[in-house]
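Here are the chains, one letter per residue:
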Amino acid sequence: MNSKKALSKFSKIALIFIFIFLKTPDAFSQKNHSMAHENNAVESKIDSIISLLTLEEKVDMCHAQSKFSTKGVERLGIPEIWMSDGPHGVRAEISWDSWDFAGWTNDSITAFPALTCLAATFNPELSGAFGYSLGEEARYRKKDVLLGPGVNIYRTPLNGRNFEYMGEDPFLASKMVVPYIKGVQKNGVAACVKHYALNNQELWRNQVNVEVSDRALYEIYLPAFKAAVIDGGVWSLMGAYNKFRGQYCCHNELLLNKILKKDWGFDGVVVSDWSGAHNTYESAMFGLDIEMGTGTDGLGSTTANHYDHYYLATPFLKSLKAGDIDESVVNDKVRRILRLMYRTNMSSNRPLGRKNNQEHHDVARKVATEGIVLLKNKNNFFPIKDENITIAVIGENATRSMTAGGGSSELKPQFEISPLEGLKMRYKNATIVHSMGYATGPSVYDAVIPSKLDADSLRVEAIKVAKNADIVLFFGGLNKSHLQDCEGADREQFNLPFGQDELLNDILRVNKNVGYILVSGNAVEMPWLNSINGVIQTWYLGSMAGYAIADVISGDVNPSGKLPFSFPVKLQDNAAHSFGELSYPGKDYNQVYKEDILVGYRWHDTKKIAPLYAFGHGLSYTSFNITDIKVDKKAYTPQDKIKLTCQVTNTGDLEGAEVVQVYIGKQKSKVKRALKELKGFQKINLKSGGQKAVEITIDAANLAFYDESISDWNLEKGDYIIYVGNASNNIAETIKVNIK
Ligand code: GLC
């Protein structure tokens, strides 16, 4: 290179260096400059950097260099990107080149409740605190991308990863995911909304090809991702393993290029799921920006560094050099990656992060206590006063760690309070006796059934303990081991595993005073329900589990959680399981979501199949009335906002919180519709005897349906019914409005 050229190159580098690392303080510290200005400044810096990068350096940025990181550009001081799971806590450090833990001793964290619990709080503000706290811990662990939240819709109760997601309703998931993402990203850590899209089961997840109508795609499966991008401003997104309409989701022209990047204007980075990429040309041309996890056995097919064999590595470089793929394609990927860096590890005003601190523990406990759902409370079985009584605590789930297992969302918490520990610390005047009752085996991942002898001795002992107690609390459910709410496989039965039903019936024969605590991320069959007075759904609650469970059982906290998904009485009552194997789990790796838009309560309401427990259901230790429901107009234009008000009264003698839910349906329509769909909700806290007005605003435009005949949203004119209540099957009043 001649001296003149060298000089200009050098001055460019110097200029960039000044910009990037000795940034004039006011460029980022000014509070009042517009985002646009900052974006322009960043975009021009990105232009400058791209002009300096070699083709090899650009390609290197588009794929993994290790299990959870991508290469930077050493000579320019551009950093590596470090990613970590997961959606409810920062995973322990993983080795460079294998799934093994790295064996660090400084990577323990706060385990927050799983996202079904967060969704059950119906509290978007709390979701923001959750995201912010989790983002702080990710920042402190020096992670640039947090691989969560997951928002795949709960279509079947058998899906192994439902516990990681936000339930069956797209509106609830959309409202809860946005503050979570903003909270995480306030720490200069990118959230990574996943798994885009239609990854609604674990069975055959790497192969299954999902077919679903445009209407169901846009109305049910995409809204939470759209909200994450447009309202949440998410900086990265993870493609799903499965195929959609014959193309892998990690390089899917319709999902990534058309809908995500063109229609929604996503300016962030698309990351593949680990080994979710399968083709160089498609990865290059159909929207994948960073390929992770392909052939992550560390050895690949040769002893050469197998990361060079990634689809977006050497094969991609060759195609670029041969001119088969234009350089603009890799430049767009690098631009997105550098934009993510300016938002994270190249941002000059990035917070420092914190972990294992009191505030995070408080947030984890609050989400847990607000997410716990009181399903049944006959004869006021709960709360249980701390008196001189004997409480039998039965079941392995009273002591088993629930932060371990589950797959990639597994955690290494600094501590984890078990339900038994929580009860023992809270009930100082009672006698607490624990008996395992049933066991599932030593390893976190294999559900090994104990030998016949073990099972019998455990059963006999549990019955004896229960017989001699005043009250029995049965801690059962699933446990995040293989087939029991765990990534990589679905449940193979809807009823409870490990002989819990039989044990429960044995115990009921010797003691009628039984409460069932369901530790799970999924609905289960409850054949014994009529014989049980109290049932609580307690989710996977993380580090503070025992404290939160004792808070609710003792009445220190009045439960206010609402179910984010329906409990069918039996599996066949669930929509996905009503259309044979093509609908679930699929046939020859092809699957058709035949229930279409009628997922969850939409199915139960429309087909008049009563659920065991309904979406939105959750009892309180007090009682509430929802009355005086009014709307501000009788007729609305499509641009209007519907202003609904109502009065909520706490008619019981305890302070508590209620969730007002607003569903809307249209009886006469040119297309089939669900009876009603959630379009608004608000949680309200009231002292005993208190009364407050609640106002819920709904954009009339949100009543539109996705019209396949015009490939766009269509707001039908005419009458709509507004249903207001505190559960999808507990409506206080309906009122009619008209869209003109
Ligand atoms: C896993 C999961 C994904 C996770 C990734 C990295 O297979 O599907 O959610 O973030 O790989 O562990």
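Calculation criteria
Residues numbered from 1 in each chain as written. Predicted model: local features only at pLDDT ≥ 70, side-chain atom pairs only at ≥ 80, totals over all residues. Heavy atoms only, no water. Helix = DSSP H or I, 4+ residues; strand = E, 2+ residues; numbered from the N terminus. Rg over C-alpha atoms; globule rule 2.2 N^0.38 Å. Buried < 20%, exposed > 50% of the residue type's maximum accessible area, 1.4 Å probe, protein only. Contact = heavy atoms within 4.5 Å. Areas by Shrake-Rupley, 256 points an atom, 1.4 Å probe, with all protein chains shown as cover. Lys, Arg positive; Asp, Glu negative; His and termini not counted. Charge placed at Lys NZ, Arg CZ, Asp CG, Glu CD. Domains from an automatic or database assignment. Buried area = accessible area lost by both parts, 1.4 Å probe. Salt bridge = Lys/Arg side-chain N within 4 Å of Asp/Glu carboxyl O. Pairing = 2+ DSSP bridges. Core = buried A, V, L, I, M, F, W, Y, C linked by side-chain atoms within 4.5 Å. Near = heavy atom within 4 Å. Polar contact = N/O pair within 3.5 Å; in protein donor to acceptor, adjacent residues only side chain to side chain. Nonpolar A, V, L, I, M, F, W, Y, C, P; charged D, E, K, R; others polar. Phe/Tyr/Trp six-rings, centres within 6.5 Å; stacked < 30°, edge-to-face > 60°. Lys NZ or Arg CZ within 6 Å of the ring centre and 35° of its normal.

**Re the overall build of the protein chain**
For the protein chain, the helix and strand inventory stands at 19 helices and 26 strands. Relative to its length of 740 residues, the protein chain is compact, with a C-alpha radius of gyration of 27 Å against a globular reference of 27 Å. Taken along its principal axes, the extent of the C-alpha atoms in the protein chain is 90 × 65 × 55 Å. Taken across its 740 residues, the protein chain has 62% of its residues classed as buried. Sequence separation of 24 or more characterises 76% of the internal contacts of the protein chain that already satisfy a separation of 6 or more. Carbon and sulfur atoms make up 53% of the accessible area of the protein chain, which totals about 27,300 Å². Distance from the positive charge centre (83 side chains) to the negative charge centre (84 side chains) of the protein chain: 4 Å.

**What to know about the domain arrangement of the protein chain**
Reports often express the size of an interface as the amount of accessible area lost when the parts come together. What the domain assignment lists for the protein chain is domain 1 (53-343), domain 2 (372-563), domain 3 (566-621) and domain 4 (622-739). A straight line from the C-alpha centre of domain 1 to that of domain 3 covers 28 Å. Contacts between the two partners involve 28 residues from domain 1, matched on the other side by 25 residues from domain 3. Carbon and sulfur atoms make up 58% of the area that domain 1 and domain 3 hide from each other, which totals about 2,300 Å². Interface area lost by domain 1 to domain 3 is led by Arg 155, Glu 168 and Trp 204, which between them contribute 31%. Put simply, domain 1 and domain 3 have 2 salt bridges between them. Asp 169 is paired through a salt bridge with Arg 602; the nearest N and O atoms lie 3.0 Å apart.

**As for the sheet that holds strand β21 (residues 677-686)**
An order of β18-β26-β25-β20-β21 is seen for the 5 strands of this open sheet, with the pairing classed as mixed. Looking at strand neighbours, the two that pair on one side only are β18 (635-636) and β21, the edges of this open sheet. Note that strand β20 (residues 656-665) and strand β25 (residues 718-727) share 5 bridges and pair antiparallel. Bridge pairing in β25 places Ile 664 opposite Ile 722.

**Remarks on the nonpolar core**
Side chains of nonpolar character tend, in soluble globular proteins, to be buried together. Core analysis: the largest hydrophobic core is formed by 202 residues, its most contacted members being Tyr 196, Leu 473 and Ile 553. In terms of residues, this core owes the most to one element, helix α7 (residues 170-185), which gives 9 residues. Sequence-distant contacts of Leu 473, that is, excluding residues within four places in its chain, are made with Phe 381, Phe 382, Ile 384, Ile 391, Ala 392, Val 393, Ile 394, Leu 423, Gly 515, Ile 517 and Ile 553. Membership of the second largest hydrophobic core comes to 27 residues, among which are Ile 629, Val 662, Ala 704 and Val 724.

**Quick look at the site of the ligand**
Inspection of the region around the ligand gives 15 residues, with Asp 85, Lys 194, His 195, Tyr 241 and Asp 273 positioned closest. Taking Arg 91, its side chain carries an N or O atom lying 3.4 Å from an oxygen atom of the ligand. A distance of 2.7 Å separates an oxygen atom of the ligand from a polar atom in the side chain of His 195. When the ligand is considered free in solution it has 310 Å² of accessible area, and contact with the protein chains removes 98% of it. Grouping the constituent residues of the shell around the ligand by class yields 6 nonpolar, 2 polar and 7 charged.

**Remarks on the packing of aromatic side chains**
The tally for this structure, following the rule as stated, stands at 29 aromatic pairs. When the centroid spacing of 6.3 Å and the interplanar angle of 80 degrees are considered together, the rings of Tyr 281 and Phe 286 count as edge-to-face. Residue classification places Phe 286 among the buried positions, given a relative accessible area of 12%. Centre to centre, the rings of Tyr 438 and Phe 498 are 6.1 Å apart; their planes meet at 10 degrees, and the pair counts as stacked. Here Tyr 438 is found in the loop between β12 (431-435) and α16 (452-467), whereas its partner Phe 498 is found in the loop between β13 (471-477) and α17 (500-510), with 60 residues between them in sequence. The exposure class of Tyr 438 is buried, given its relative accessible area of 3%. One aromatic cluster is present, formed by Phe 122, Phe 171, Tyr 601, Phe 615, Tyr 663 and Phe 681 through successive ring pairs. The ring centre of Tyr 593 lies 3.8 Å from the NZ or CZ of Arg 155, which sits over that ring. Between the NZ or CZ atom of Lys 480 and the centre of the ring of Tyr 540, over which it lies, the distance is 5.4 Å.

**A closer look at the pattern of salt bridges**
For the structure on display, the rule yields 48 salt bridges. Between Asp 289 and Lys 261 there is a salt bridge, with the nearest N and O atoms lying 3.0 Å from each other. Of the two residues, Asp 289 sits in the loop between α11 (280-285) and α12 (314-321) while Lys 261 sits in helix α10 (residues 253-263), which places them 28 residues apart along the sequence. Accessibility classification places Asp 289 together with Lys 261 in one group, the buried group. Residue Glu 581 pairs with Lys 587 through a salt bridge whose shortest N-O separation is 3.7 Å. A network of salt bridges, in which partner residues are shared, links Arg 161, Glu 164, Glu 202, Arg 205 and Glu 487.

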